[in-house]
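# Results of the structural survey
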Protein chains: 2
Amino acid sequence: MSFPNGIVHNLFASIPSSLPEELVDEVITGKGFRVERIVSKGHISPDGFWYDQDQHEWVLLAKGAARLRIDGVDQPIELSAGMHINLPAHLKHRVEWTKEDEETVWLAIFYQAT
Amino acid sequence: MSFPNGIVHNLFASIPSSLPEELVDEVITGKGFRVERIVSKGHISPDGFWYDQDQHEWVLLAKGAARLRIDGVDQPIELSAGMHINLPAHLKHRVEWTKEDEETVWLAIFYQAT
């Protein structure tokens with residue numbers, strides 16, 4: 001058996017130098033879940049916009065830094081590399097800040113509950 | 001609404017200084033998948049042992065370094081931070097090496113195919 005090309009990928013590679021919009025790539029999909037890589041560079045949720053999702057989302061900040069806000073919660077959530085958070089479906093949240101001088105790489109799992 | 005305690009976790013925290021065995025923690029479970037954090041520090045698969053799993057496994061090396069071997073493939077797979085690989089069910093593989101002087105942190109998703 002020869003070595004299967006392309007079997008190994010890098011979460012921190014294949015990022016264009018210019019990111020006019022957030023970059024979203026599907027990493028893997030299984031029954032009932034989808035994994036995405038999201039790359040932000042200064043991107044934030046539009047003013048007044050809240051994510052209100054039908055699926056749960058577990059998200060890891062793999063690189064960079066960001067600040068989340070949850071609707072109705074005074075305290076913002078500061079995220080740095082290695083930090084992860086589980087956002088139940090319909091928990092309204094927004095991205096208030098991401099680093100502007102470096103890519104912030106998220107790994108997000110969108111899923112149904114057990 | 002007050003800030004929910006414990007909503008944010010850190011993949012690189014809560015690691016004991018001594019790791020006589022690999023450390024495995026469940027991060028999250030959904031319908032048809034399970035996410036684990038695995039921490040290795042010099043741990044490798046026992047001689048002659050191959051993982052032969054009923055579920056698919058997608059694994060990210062979040063920190064550290066490791067070398068995998070796939071049964072029947074001559075070339076080993078060197079992994080550093082950010083690299084990820086998808087291991088279909090029953091693809092026999094083993095961990096041939098992990099860093100001895102630093103924790104290697106894996107994020108593994110065990111799942112059923114679509």
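Each remark here, short or long, concerns the structure printed above.
Presented here is an overview of the structure given in this document. Not measured: the values here are computed from a predicted model.

Rules of the game
- Residues numbered from 1 in each chain as written.
- Chains lettered and ligands numbered in written order.
- Predicted model: local features only at pLDDT ≥ 70, side-chain atom pairs only at ≥ 80, totals over all residues.
- Heavy atoms only, no water.
- Least-squares fit on C-alpha atoms with pLDDT ≥ 70 in both.
- Contact = heavy atoms within 4.5 Å.
- Buried < 20%, exposed > 50% of the residue type's maximum accessible area, 1.4 Å probe, protein only.
- Helix = DSSP H or I, 4+ residues; strand = E, 2+ residues; numbered from the N terminus.
- Pairing = 2+ DSSP bridges.
- Buried area = accessible area lost by both parts, 1.4 Å probe.
- Salt bridge = Lys/Arg side-chain N within 4 Å of Asp/Glu carboxyl O.
- Polar contact = N/O pair within 3.5 Å; in protein donor to acceptor, adjacent residues only side chain to side chain.
- Phe/Tyr/Trp six-rings, centres within 6.5 Å; stacked < 30°, edge-to-face > 60°.
- Lys NZ or Arg CZ within 6 Å of the ring centre and 35° of its normal.
- Axes fitted to C-alpha atoms, helices over the stretch in contact; angles between N-to-C directions.

### Some thoughts on the relation of the copies chain A and chain B
Here chain A sits on chain B after a turn of 180° about the axis and a move of 0.0 Å along it, with an RMSD of 0.0 Å. Viewed as a symmetry operation, the transformation between the two copies matches a two-fold axis. Considering only C-alpha atoms, the residue of chain A closest to the rotation axis is A:Gly32, which sits at 3.4 Å. The share of interface residues of chain A whose copies in chain B are also at the interface is 97%, consistent with both copies meeting through the same surface.

### Remarks on the pairing of strand β3 (residues 33-40) of chain A
It is a general feature of regular strands that their side chains alternate between the two faces of the sheet. All names here are of chain A. The element β3 is extensively covered by neighbouring structure, given that seven of its eight residues are classed as buried. Judged from the seven bridges that link them, strand β2 (residues 23-30) and β3 form a sheet pairing that is antiparallel. Opposite Thr-29, over in β3, you have Arg-34 as the bridge partner. The turn joining β2 and β3, which pair antiparallel and follow one another in sequence, is formed by two residues; a positive phi near 85° is taken by Gly-32. The sheet contact formed by β3 and strand β9 (residues 104-111) spans eight bridges and is antiparallel.

### Quick notes on the interface of chain A and chain B
Much of the literature gives interface size as the accessible area that the parts lose upon coming together. Counting residues at the interface gives 38 residues for chain A and 37 residues for chain B. Contact between chain A and chain B buries roughly 3,400 Å² in total, counting both sides, with carbon and sulfur atoms accounting for 74%. The interface formed by chain A and chain B contains zero salt bridges. Applying the counting criterion to the chain A and chain B interface returns six residue pairs in polar contact (both at pLDDT 80 or more). Counting only elements with at least two residues in the side of chain A that touches chain B, the list comes to β1 (8-10), β2, β3, β4 (56-63), β6 (77-80), β7 (83-87) and β9 of chain A.

### Describing the packing of aromatic side chains
The tally for this structure, following the rule as stated, stands at five aromatic pairs over all chains. Aromatic side chains A:Tyr111 and B:Phe33 sit 5.4 Å apart centroid to centroid with 80° between the ring planes, which places their arrangement in the edge-to-face category. With A:Tyr111 in strand β9 and B:Phe33 in strand β3 (residues 33-40), this pair bridges two chains. Overall, A:Tyr111 belongs to the buried group, its relative accessible area being 5%. Three or more aromatic residues link up through ring pairs in this structure, and these residues are A:Phe33, A:Tyr111, B:Phe33 and B:Tyr111. Geometry around B:Trp50 places B:Arg94 over its ring, the cationic atom sitting 5.8 Å from the centre.

### Describing the pairing of strand β7 (residues 83-87) of chain B
The buried fraction of β7(B) amounts to four of the five residues, a majority that puts the element mostly inside the structure. Here β1(A) pairs with β7(B) via three bridges, running antiparallel. Counterpart to A:Val8 in the pairing with β7(B) is B:Ile85. In the sheet, strand β4 (residues 56-63) of chain B pairs with β7(B) via four bridges, with the strands oriented antiparallel.

### Some details on the sheet that holds β9(A)
Strand order in this open sheet of six strands is β2(A)-β3(A)-β9(A)-β4(A)-β7(A)-β1(B), and the pairing throughout is antiparallel. Of all the strands in the sheet, the pair left with one neighbour each is β2 of chain A together with β1 (8-10) of chain B. Here the average twist between neighbouring strands, direction ignored, is 20°.

### A look at the side chain of B:Ser40
Residues and elements named next belong to chain B. Turning to its location among the elements, Ser-40 is positioned in strand β3. At a separation of 2.8 Å, a polar atom in the side chain of Ser-40 contacts the side chain of Glu-22. Within the structure, Ser-40 has its side chain in polar contact with the side chain of Trp-106 (distance 2.9 Å). Beyond its immediate chain neighbours, meaning those up to four positions away, Ser-40 contacts Glu-22, Thr-98, Glu-102, Glu-103, Thr-104 and Trp-106.

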